[in-house]
Amino acid sequence: MTAPVVETRDLSKHYGPTVGLDGLELVVERGEVLGFLGPNGAGKTTTIRLLLDLIRPTRGEARLFGRAARDPDVRRSVGYLPGELALDGRLTARKMLAFLDRLRDPRDPPADPRRRDALCERLRLSDADLDRVLRDDSRGTKQKVGLVAAFQRDPELLVLDEPTEGLDPLVREAVLELMREAGAAGRTVFHSSHVISEVDRTATRVAIVRAGRLVAVEEIDALRRSLTRRMTVRFAGDRAPVAELDVPGTRLLEQSGPSVVLAVTGDLDPLLAVLARHAVAHLAFPEPVLDDAFLQHYADAQRAGADPS
Amino acid sequence: MILALLGRQLRHMRWILVGLGLGLFLLEGLIIQLAKAFEGGPGIEQILDMLPDMILDLVKAQIPAFTFPAFAAFGFMHPGALVGSSAVIVMFATAPAGERDSGLLDLLLSRPVTRTKHLLASLLGIVITATAMPLCLLAGCATGLALVDVPGELPWTAYVPAAGLLACLLAAVGGFSLLVGATAQRRGTAAARIAAVLLVTYVVDTLTKVFGSLDALRWATPFHYFDPITATIDEGGHWGDAAVLLGAAVVPTLLAFRCWRTRDL
């Protein structure tokens, strides 16, 4: 049995009295695209910096590919894009990419130049962009260079901290596509973001952190299923059959004549059975999005945090 | 891997290194020409006699003997040479702090680069500077001596101990700078601290030579162990000083590596 690509046990980081991360227990298996969600200051970047051994844990441990994160060998298979990307402004993008590639282990072959060229093309990095010194480049161009640097060696694990920051919509799409492809090709992607809609489109699982603590880790589909969703129904008659709508998993939120707004959780069958017995003029039941899950979990966690018991 | 890191630093510093090396070469050649002029002219003693006592004490603190070899060796302790070489060394030593400052360090250390190898690149830059700059002075000395004909002049090899002592002093500056750079949060802060300490220790050394009452402070400044003129004139009298300076280079260097390996970056 192969070891998880990322594994943390009681991983904690305190900065004096401030808690950066507290008791993180997380396992990411090979081929997963994990969305690591949380607002700024929740502990996402602290987690990533602990995984890459840039900072040392106060308690607990982080393991990559079954080995301690401190082992530099584990980083042979890691491609990383920092949230606050800094590149050497005195180098051209082309030289920067070549320099970063030279920092590989001597046992590893150099990055495939065809792959690099293909990445540049997909991310719309022109030759002119590549041959300009980085200090003259825009934020978006630097971000693209950082993305090429992360992907160019086709690493087993991609750790991407806010990868679409500063990119235009077309390139953003290309980045999300690259992440999906990496996951499909068996690579593991650790996608840290506060842009929930993007994680929704790439991740197979999400982990939600708040104030340094893990609030939830769930499959995206399961998370969607567990959500309380709003359904708006307008019946064909004068009044809605309110009494009949009192079925398991359904709660009446509003009623106005033939129209009702319902909160629905879990299995839809009982409610659909009721609706099937009546003439329905209009029904709106929007697809659940991760934002709802995030906000719901966040609200739950906040309530739990406020509750002294 | 180390070569890639070092190569990047050297590429950024190449014009400074070349300019400084050339400047030191010319400086030493010029000092030898001046020394010859004094030797053949009315004599430095007559000029010095005109100086106020206080100034004369300061000059004598730097140049204990007014002979041609002593003047020729002065280039190895010329403030310009010391400041220029130290500045380049501080730039190498604080480069990791600068990378941490800018955020580039995160990207570099996300590769299979150990922290030791990363700092080693800076140490190699320091070693190159501490070796190359005294060699440039020595080359200027050899060239200058070949162009002048002074009775009683020493061969250029007699100045090798002076160059060696300068290399040891620069290594000590490098070791201390590396330690400050490895522990600092910001590059600017590190450079300012290093400059302040070097300036204070240099002034203390000069004052202890002028004021006997401050003699007890001498041991605390690396410049006390750096006397290229005596090392040139008195054969074999410089090994102890070189050993102290090398010790002052090695100990903080080891501490710097220990700190860099264990700290949060």
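Residues numbered from 1 in each chain as written. Chains lettered and ligands numbered in written order. Predicted model: local features only at pLDDT ≥ 70, side-chain atom pairs only at ≥ 80, totals over all residues. Heavy atoms only, no water.

Helix and strand counts for chain B stand at 12 helices and 0 strands. N-terminal to C-terminal, the α/β element order of chain B is α-α-α-α-α-α-α-α-α-α-α-α. Computed over C-alpha atoms, the radius of gyration of chain B comes to 20 Å, within 12% of the 18 Å expected from 2.2 N^0.38 for 265 residues, which places it in the range of a compact globule. Across the 265 residues of chain B, 49% fall into the buried class. Once local pairs closer than 6 in sequence are excluded, the contacts in chain B between residues at least 24 apart make up 79%. Of the accessible surface of chain B, which amounts to about 11,600 Å², a share of 71% is contributed by carbon and sulfur atoms. Both charge centroids of chain B, one from 17 positive and one from 18 negative side chains, sit 22 Å from each other. (Helix = DSSP H or I, 4+ residues; strand = E, 2+ residues; numbered from the N terminus. Rg over C-alpha atoms; globule rule 2.2 N^0.38 Å. Buried < 20%, exposed > 50% of the residue type's maximum accessible area, 1.4 Å probe, protein only. Contact = heavy atoms within 4.5 Å. Areas by Shrake-Rupley, 256 points an atom, 1.4 Å probe, with all protein chains shown as cover. Lys, Arg positive; Asp, Glu negative; His and termini not counted. Charge placed at Lys NZ, Arg CZ, Asp CG, Glu CD.)

Residue and element names in this part refer to chain A. In spatial order, the strands read S2-S1-S4-S5; together these 4 strands make up an open sheet with antiparallel pairing. With partners counted over all chains shown, the strands left at the sheet margins are strand S2 (18-28) and strand S5 (67-68), one partner each. Sheet topology places strand S1 (residues 6-15) next to strand S4 (residues 59-64); 5 bridges connect them, and they run antiparallel. Paired with Glu7 across the bridge in S4 is Arg63. Along the sheet face, helix H1 (residues 44-51) touches S1, S2 and S4 and points at about 115° away from the line of S1. (Pairing = 2+ DSSP bridges. Axes fitted to C-alpha atoms, helices over the stretch in contact; angles between N-to-C directions.)

Moving on to the interface of chain A and chain B. The partner chain B presents 25 residues to the 29 residues of chain A that form the contact. Roughly 2,500 Å² of surface becomes buried between chain A and chain B when both sides are summed, with 57% attributable to carbon and sulfur atoms. Our count for the chain A to chain B interface comes out at 3 salt bridges. Linking B:Arg8 and A:Asp88 is a salt bridge whose minimum nitrogen-to-oxygen distance equals 2.7 Å. On the surface where chain A and chain B come into contact, there are 13 residue pairs in polar contact (both at pLDDT 80 or more). Contributing elements (two or more residues each) for the side of chain A that touches chain B: strand S6 (78-81) and helix H2 (93-102) of chain A. A per-element tally of the side of chain A that touches chain B places H2(A) first, with 4 residues. (Buried area = accessible area lost by both parts, 1.4 Å probe. Salt bridge = Lys/Arg side-chain N within 4 Å of Asp/Glu carboxyl O. Polar contact = N/O pair within 3.5 Å; in protein donor to acceptor, adjacent residues only side chain to side chain.)

For the rest of this paragraph, the subject is the confidence of the model for chain B. Residue and element names in this part refer to chain B. Per-residue pLDDT for chain B has a mean of 89; in total, 90% of the residues score no lower than 70. Across chain B, element-level confidence peaks in helix H9 (residues 160-183) with a mean pLDDT of 96 and bottoms out in helix H2 (residues 44-49) with 66. Reported for the predicted complex are a pTM of 0.84 and an ipTM of 0.83. (pLDDT = per-residue confidence, 0-100.)

Formed by 145 residues in total, the largest nonpolar core has its most connected members in A:Leu103, A:Phe151, A:Leu157, A:Phe190, B:Phe76 and B:Tyr159. Among the elements that take part in this core, H9(B) stands out by supplying 12 residues, more than any other. Setting aside anything within four residues of it in sequence, one finds A:Phe190 in contact with A:Leu26, A:Val28, A:Leu34, A:Phe36, A:Thr47, A:Ile48, A:Leu51, A:Leu157, A:Leu158, A:Val159 and A:Leu160. Among the nonpolar cores identified, the runner-up in size contains 12 residues, and A:Ala240, A:Val247, A:Val264 and A:Leu271 belong to it. (Core = buried A, V, L, I, M, F, W, Y, C linked by side-chain atoms within 4.5 Å.)

In this section: the packing of aromatic side chains. Under the criterion given, the structure shown has 2 aromatic pairs over all chains. Between A:Phe36 and A:Phe190 the ring centres are 4.9 Å apart and the planes differ by 45°, which places this aromatic pair in the tilted class. Here A:Phe190 lies in strand S8 (residues 188-193) and A:Phe36 lies in strand S3 (residues 33-37), a separation of 154 residues in the sequence. Here A:Phe36 matches A:Phe190 in class, with each residue buried. Between B:Tyr202 and B:Phe223, the aromatic rings sit 5.1 Å apart at their centres with planes inclined by 90°, giving edge-to-face as the arrangement. Placement of the pair is B:Tyr202 in helix H10 (residues 187-210) and B:Phe223 in the loop between H10 and helix H11 (228-233), with a sequence separation of 21 residues. Seen from the ring of A:Phe285, A:Arg229 lies directly overhead, with NZ or CZ sitting 3.8 Å from the centre. (Phe/Tyr/Trp six-rings, centres within 6.5 Å; stacked < 30°, edge-to-face > 60°. Lys NZ or Arg CZ within 6 Å of the ring centre and 35° of its normal.)

A separate point is the pattern of salt bridges. Under the criterion given, the structure shown has 37 salt bridges over all chains. One salt bridge in this structure joins A:Arg94 and A:Asp131, with 2.8 Å as the shortest N-O distance. Taken together, the residues A:Arg94 in helix H2 and A:Asp131 in the loop between helix H4 (127-130) and helix H5 (139-151) connect sequence positions 37 residues apart. Of the residues examined, A:Arg94 reaches a relative accessible area of 35% and is grouped as partly exposed. A relative accessible area of 46% places A:Asp131 in the partly exposed class. As a salt-bridge pair, B:Asp101 and B:Arg186 come within 2.6 Å of each other at their nearest N and O atoms. Placement of the pair is B:Asp101 in helix H6 (residues 95-102) and B:Arg186 in the loop between H9 and H10, with a sequence separation of 85 residues. For B:Asp101, a relative accessible area of 33% translates into the label partly exposed. Ionic contacts of the salt-bridge type, sharing partners, join the residues A:Arg30, A:Arg115, A:Asp154, A:Glu156 and A:Arg187 into one network.

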